[in-house]
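Commentary on secondary and tertiary structure
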Amino acid sequence: MELLPRSPAEFGSARYWDRFFRQRGQRPFEWYGAFPELCPVLHKYVRPRDKVLVVGCGNSELSEQMYDVGMCQDIVNIDVSDAAVRQMRERSASTRPGMSYLLMDMLHMDFPDAHFQVVLDKGTLDALLTDEEEATLAKVEQMFAEISRVLQVGGRYLCVSLAQAHVLKKAVEYFSQEGWVVRVHQVASSGDKQQFVLPVFVYVMTKFRKVPGSAARILEICPEEQDRPMRVESAERLLAAVRDRQHYALLCSQISKTPCREQVSLDLCDRESGKPRYTLHVVDSPSVKPSRDNHFAIFIIPQGRETEWLFGTEEGRRQLAASAGFGRLLTVALHREQLYEGMAAIQAELSGKVMELAPPGLPARQQVPFLSVGGDIGVRAVRHRGSSALSGDFVVEDVKGDGSCYFRRLIFLQNRNVVQSEARLLAPTPLPGQKKRRKDKKKPSPTEPPGAIDKSYLCCEHHKAMVAGLCLLGGPDALPGELAVLVVGLGGGSLPLFVHDYFSQARVAVVEIDPSMLEVATRWFGFCQGERMQVHVSDGLDYVAKLAAEGTIIRASQEPHRAQWVPCWYDAIMFDVDSKDLTVGMSCPPPAFVEKPFLQKVKTILKPEGVFVLNLVCRDAQLKESVLAALRAVFPLLYARRIQGEVNEILLCQAGPAGRRGPAELGARARALEGALRQPGRPWDSSYALADVLQAVLVL
């Protein structure tokens, strides 16, 4: 028995529906949306004394169920199918005296104006608006006009729909232009036995008198998990919000049936602000043998640790899932703009939503564990928010790391998953939720950072490799003496500070294009200028080009009142500068810094035996090859140190005359350098291990 139409146009044909209902017989046909699912929404907008019109009723049980539960008992049902109308009259004639069924075309209704308080449509608009042909749109316009005519002011048109984009767009545009309030409800699903994967929506169009000349529109969406609607500013945003929920439903359906071959990422947004509140990653581990208790777990990443390799990279999360021993691990990152009351509150907030992402084969009523590091959600305190014309919005925040250490971080919000600069705090700073042991008698100045910076500690692995590269200077067993070092890119200032403090005869010039970063480094990261440390606020490209053209620099002599002109040669030049252009596959440095003509200028201001140290972050393999080719053309001696777990690669470049050195010799030179730097009374972290850093170097 063939019930489907031969073409979409047949959905608007009375002859098709007559044949449909005769062949189907007495069995009720529900397009989608069972009454238990629709009841909470209908109950909000249908009052017991309302006069209700159901258009295109078919043989659905919806109006009968509304009548039987006492929601409303004055209901008129119309349909173009004589077979459906006769069938429904027989079902309700003796038991529902307030229910009537009429053979009538909704495009040409016989009712007087303003006759109903509610018009209910379940799937009728979807069936009529099958395409966007002119004839179809004319029918829809006529349908809307008739509904508007028979509704009283203040009446509601309730349309149950799958919200295809062209259907929702037409309804929203028509009624909002007429001055009606438009609200879209997502219907909560009743379980896993759904006829349609896509969620069901109810459009609620409330009739108001059109105010001449008024362009104001009231457009709202009410997701299934909340009662209070959210206002949106345009029809496009409303359609986008519905589309996001449809995509989410498709995703949930897909991953509930088959394991994820690739990690799936999605954001859950705050109801009030619409900003991301949680970022979820679905990670499946095919190697884990499933048992009753290891199907599914949720891992809450402590605040401030989402950028760590284990939590912030695909490979890290894959390793985390495998070590946790669950077939599917759902990692949850917390956003800095949001407030969280604790693990129990997060668990209560997420417990319903995360189960929609459960893996196939999860036993019914299975308890799903929530995991974390140390059983808490971590600590994060934003110390400063700022904005720069060059760097955009940024934050300075203190976070608790692994163990008892606290760190201060600079984050550019345009790339919020990357730590721009980081420094360790000497002592834990009192943070929200942390008890103070005693009251401090002296209150800190509001202009001073709340915690002391450990200037002896290099948090970034690539900075350790950059410092290790200085072993190429001087003799094989001697610490380089008086050094002239140029650092392009200040950030929080930890790299130039370390060189300044540990190389006691070094004179460090820092070039930073963004004056806001100098202020941040000085106020929040303990950076300071002095006789051996000067910052030049300038574009690094211009600064290097100017020095290369002039060929000289001014250095302070031993007699402060005199200045001495000397050749413009640096012992070491370090580039640690990020690119603001996120469209390029290289985030450090900007491409112009590694073009051959500019590299020639770098060579011009570098001593013949000097070293050029470059922090390279490049995901584009072809672009990386071109960068390496340009470097080789200018610097014959080229060494590379890849940073484990990161994209960073430190390139050590020399023009000669020293011969090429292998990893063993580099390791020996690094040990000598480390021994010279480790002086009594001077802090030295065991993680530096400069020899280990350079023994893994590649000779390019």
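About the criteria used
- Residues numbered from 1 in each chain as written.
- Predicted model: local features only at pLDDT ≥ 70, side-chain atom pairs only at ≥ 80, totals over all residues.
- Heavy atoms only, no water.
- Helix = DSSP H or I, 4+ residues; strand = E, 2+ residues; numbered from the N terminus.
- Buried < 20%, exposed > 50% of the residue type's maximum accessible area, 1.4 Å probe, protein only.
- Areas by Shrake-Rupley, 256 points an atom, 1.4 Å probe, with all protein chains shown as cover.
- Pairing = 2+ DSSP bridges.
- Axes fitted to C-alpha atoms, helices over the stretch in contact; angles between N-to-C directions.
- Contact = heavy atoms within 4.5 Å.
- Salt bridge = Lys/Arg side-chain N within 4 Å of Asp/Glu carboxyl O.
- Left-handed = near helix turned anticlockwise from the far one by under 90°.
- Nonpolar A, V, L, I, M, F, W, Y, C, P; charged D, E, K, R; others polar.
- Phe/Tyr/Trp six-rings, centres within 6.5 Å; stacked < 30°, edge-to-face > 60°.
- Core = buried A, V, L, I, M, F, W, Y, C linked by side-chain atoms within 4.5 Å.
- 1 Å grid on protein atoms, 1.4 Å probe; cavity = no way out; pocket = protein on both sides within 12 Å on 5 of 7 lines; lining within 4 Å.
- Points joined across faces, edges and corners; volume = space filled by probe spheres on them.
- pLDDT = per-residue confidence, 0-100.
- Right-handed = clockwise from strand over helix to strand, strands pointing away.

**Some remarks on the overall build of the protein**
The secondary structure content of the protein amounts to 19 helices and 29 strands. Going through the 700 residues of the protein one by one, you find that 52% of them count as buried. When the accessible surface of the protein is split by element, carbon and sulfur atoms take 51% of a total near 33700 Å².

**Examining the sheet that holds strand E5 (residues 151-161)**
Read across the open sheet, the nine strands follow the order E3-E2-E1-E4-E5-E7-E6-E8-E9; overall the sheet is mixed. Both edges of this open sheet fall to strand E3 (99-103) and strand E9 (230-232), since each of them pairs with a single strand only. On average, adjacent strands in this sheet sit at an angle of 20 degrees to one another, irrespective of strand direction. Relative to E5, helix H6 (residues 134-150) is tilted by about 140 degrees, and along the sheet it contacts strand E1 (52-55), strand E4 (116-122) and E5. Packing of helix H8 (residues 235-255) onto the sheet brings it into contact with strand E6 (181-186), strand E7 (201-206), strand E8 (219-222) and E9, and relative to E8 it is tilted by some 15 degrees.

**Considering the side chain of serine 285**
Residue position: serine 285 is located in the loop between strand E11 (276-284) and strand E12 (296-300). According to the relative accessible area criterion, serine 285 is buried, its value standing at 8%.

**What to know about the pattern of salt bridges**
Counted according to the given criterion, the structure contains 32 salt bridges. Residue arginine 96 is joined to glutamate 64 by a salt bridge in which the shortest nitrogen-to-oxygen separation is 3.6 Å. With arginine 96 in the loop between helix H4 (82-92) and E3 and glutamate 64 in helix H3 (residues 62-68), the pair connects residues that are 32 residues apart, well separated along the chain. Each member of the pair, arginine 96 as well as glutamate 64, carries the same accessibility label: buried. The residue arginine 86 makes a salt bridge to aspartate 82 at a minimum N-O spacing of 2.8 Å. Taken together, the residues span about one helical turn, with arginine 86 and aspartate 82 both in helix H4 at a distance of four residues. Judged by its relative accessible area of 30%, aspartate 82 falls in the partly exposed class. Linked through salt bridges whose partners overlap, the residues forming this network are Glu64, Asp68, Arg91 and Arg96.

**Remarks on helix H13 (residues 494-502)**
For H13, the tally of buried residues reaches eight of nine residues, placing the bulk of the element in the interior. Taken together, the buried positions of H13 are Ser494, Leu495, Pro496, Leu497, Phe498, Val499, His500 and Tyr502.

**With respect to the packing of helix H7 (residues 165-177) against H8**
Two numbers describe how H7 lies on H8: the axes approach to 10 Å, and their chain directions differ by 145 degrees. Note on packing geometry: the crossing formed by H7 with H8 is right-handed. Residue-level contacts link Ala165, Leu168, Lys169 and Val172 of H7 to Ala235, Leu238, Leu239 and Val242 of H8. Looking at the contact of H7 with H8 residue by residue, the classes come out as seven nonpolar, no polar and one charged.

**A closer look at the packing of aromatic side chains**
Tallied over the full model, the rule gives 15 aromatic pairs. Note on tyrosine 157 and phenylalanine 175: the rings are 5.6 Å apart at their centroids and 50 degrees apart in plane angle, and the pair reads as tilted. Placement of tyrosine 157 in strand E5 and of phenylalanine 175 in helix H7 is noted, with a sequence separation of 18 residues between them. Comparing tyrosine 157 with phenylalanine 175 shows no difference in burial state: the two are buried. With a centroid separation of 5.6 Å and 50 degrees between ring planes, the pair formed by tyrosine 278 and tyrosine 340 is classed as tilted. Of this pair, tyrosine 278 sits in strand E11 while tyrosine 340 sits in the loop between strand E13 (328-334) and helix H11 (343-354), and the two are 62 residues apart along the sequence.

**Some remarks on the pairing of strand E26 (residues 606-618)**
For E26, the tally of buried residues reaches 10 of 13 residues, placing the bulk of the element in the interior. Bridge analysis of strand E24 (residues 570-575) against E26 gives five bridges, and the strand direction is parallel. By the bridge assignment, methionine 574 is partnered in E26 with valine 613. In the sheet, strand E25 (residues 586-588) pairs with E26 via two bridges, with the strands oriented antiparallel. Looking across to E26, one finds that methionine 586 is bridged to cysteine 618.

**Focus: the nonpolar core**
Core analysis: the biggest nonpolar cluster contains 43 residues, and Leu53, Leu125, Tyr157 and Tyr203 have the highest contact counts within it. Here this core gets six residues from one element, more than from any other, and that element is H7. Leave out the neighbours within four places in its chain, and leucine 125 touches Val140, Met143, Phe144, Tyr157, Cys159, Val167, Ala171 and Tyr203.

**Side note on empty space enclosed by the protein**
Overall, the coordinates contain three cavities of 30 Å³ or more when judged by the stated rule. Put simply, the largest cavity is a space of about 60 Å³. If you trace the largest cavity, you find it lined by Ala423, Ile453, Asp454, Lys455, Tyr457, Gly492, Gly493, Ser494, Leu497 and Phe525.

**Structural notes on unusual backbone geometry**
In this chain, cysteine 588 is followed by proline 589 through a cis amide linkage whose omega measures -5 degrees. Within the secondary structure, proline 589 is located in the loop between E25 and helix H16 (596-604). Here the phi dihedral of alanine 114 falls at roughly 50 degrees; this positive angle occurs in a residue that is not glycine. Mapping alanine 114 onto the fold places it in the loop between E3 and E4. What makes alanine 114 partly exposed here is its relative accessible area of 37%. Even without being glycine, alanine 163 reaches a positive phi, approximately 60 degrees. By secondary structure assignment, the location of alanine 163 is in the loop between E5 and H7. Residue class for alanine 163 comes out buried when judged on its relative accessible area of 2%.

**Some details on the confidence of the model for the protein**
Overall, the predicted model of the protein reaches an average pLDDT of 83, with 81% of residues at or above 70. The low-confidence segment residues 437-450 (pLDDT under 50) makes 10 contacts with residues lying over four places distant or belonging to another chain. Across residues 552-567, confidence stays below pLDDT 50; counting only partners more than four residues off in sequence or on other chains, it has 25 contacts.

**Some details on the pairing of strand E21 (residues 533-537)**
Of the strand pairs in this sheet, strand E20 (residues 506-512) and E21 are connected by five bridges, and their pairing is parallel. Looking at E21, one finds that valine 511 is bridged to histidine 536. Crossover E20 to E21 through helix H14 (residues 515-524) is right-handed.

**Some thoughts on the sheet that holds strand E16 (residues 392-400)**
An order of E15-E16-E17-E18 is seen for the four strands of this open sheet, with the pairing classed as antiparallel. Of all strands in the sheet, those bounded by a partner on one side alone are strand E15 (380-388) and strand E18 (419-424). Neighbour to neighbour, the strand axes of the sheet diverge by 15 degrees on average, direction disregarded. In the sheet, E15 pairs with E16 via eight bridges, with the strands oriented antiparallel. From the neighbouring strand, valine 382 faces E16, where its bridge partner is glutamate 397. Lying over the sheet, H14 contacts E15, E16 and strand E17 (406-412), oriented at roughly 155 degrees with respect to E15.

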